[in-house]
Structure formats: C-alpha cells, structure tokens
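An overview of the molecular structure
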Amino acid sequence: MSVYRVTDIIGTSEKSWEDAAREALSTAAESLRDLRVAEVVAQDIALGDDGKISAFRTKLRVSFKYEK
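What comes next is a walk through the structure. Predicted, not measured: the structure shown is a model, and the values here were computed from it.

For the rest of this paragraph, the subject is the sheet that holds strand β1 (residues 4–13). Taken in spatial order, the 3 strands line up as β1-β3-β2 in an open sheet, and their pairing is antiparallel. The sheet is open, and its two edges are formed by β1 and β2 (35–47), each paired on a single side. Averaged over neighbouring strand pairs, the angle between their axes works out to 20° when direction is ignored. Where β1 meets strand β3 (residues 53–65), 10 bridges bridge the pair, whose relative direction is antiparallel. Paired with Ile-9 across the two strands is Leu-60, which belongs to β3.

Printed below as a string of structure tokens:
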C-alpha cells in the first residue's frame, strides 16, 4: 500500500513553457524524493512594462510518495 501527496509548483523561463516545466521539476527534485507524475495544469506568459514577453510560466501538479 502506498500514499502519495499532490502539490502544485510553478516554473519560469525566458525561453519556453517546456523549459519552465523542466526548471520546476529539476528544482522540486532537489528536495522531494520519489516524484511520480507531473501534470501541466496551466501555462501563461508574464509581460514586461514594454509589453514584450518577460517570462514563460508553467504550473505543474506533481505527486510524490510518502515514506514511512
């Protein structure tokens, strides 16, 4: 029997939504062990004062296994 926790994380990148997702997962993996699933929940773009893209943002829902 296993128990999992699900939590949302958001990654940002100046390059792409995919890079933002990779960054979020890479950072989460530094402190969370046994990541199991990542689901893209939302994607958006942050705009600078000049109206140009300043960042791509990807919101992920990730699950990881609780340890006993």
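As a further point, take the nonpolar core. In terms of nonpolar packing, the biggest core is built from 6 residues, these being Ile-9, Ala-21, Ala-24, Ala-28, Leu-60 and Val-62. Secondary-structure elements contributing two or more residues to this core are α1 (17–31) and β3. The greatest single-element share of this core, amounting to 3 residues, is contributed by α1. Ile-9 has contacts with Ala-24, Leu-25, Ala-28, Thr-58, Lys-59, Leu-60 and Val-62, leaving out every residue within four places of it along the chain.

As a further point, take α1. Spanning 15 residues, α1 covers 22 Å between terminal C-alpha atoms, matching the ideal 21 Å at 1.5 Å per step. Looking at the buried positions of α1, the neighbouring elements they touch are β1, β2 and β3. For α1, the N-terminal cap is Ser-16; the gap from its side-chain oxygen to the backbone nitrogen of Glu-18 is 3.5 Å.

A few words now on unusual backbone geometry. At Asp-34, a residue that is not glycine, the phi angle is positive and equals roughly 65°. Considering the arrangement of structural elements, one finds Asp-34 in the loop between α1 and β2. Given a relative accessible area of 36%, Asp-34 falls into the partly exposed group.

A separate point is the side chain of Ser-16. Tracing the sequence through the fold places Ser-16 in the loop between β1 and α1. Within polar-contact distance, the side chain of Ser-16 engages the backbone nitrogen of Glu-18 at 3.5 Å.

Rules and cut-offs
- Residues numbered from 1 in each chain as written.
- Predicted model: local features only at pLDDT ≥ 70, side-chain atom pairs only at ≥ 80, totals over all residues.
- Heavy atoms only, no water.
- Pairing = 2+ DSSP bridges.
- Helix = DSSP H or I, 4+ residues; strand = E, 2+ residues; numbered from the N terminus.
- Axes fitted to C-alpha atoms, helices over the stretch in contact; angles between N-to-C directions.
- Core = buried A, V, L, I, M, F, W, Y, C linked by side-chain atoms within 4.5 Å.
- Buried < 20%, exposed > 50% of the residue type's maximum accessible area, 1.4 Å probe, protein only.
- Contact = heavy atoms within 4.5 Å.
- Expected span 1.5 Å × (residues − 1).
- Polar contact = N/O pair within 3.5 Å; in protein donor to acceptor, adjacent residues only side chain to side chain.

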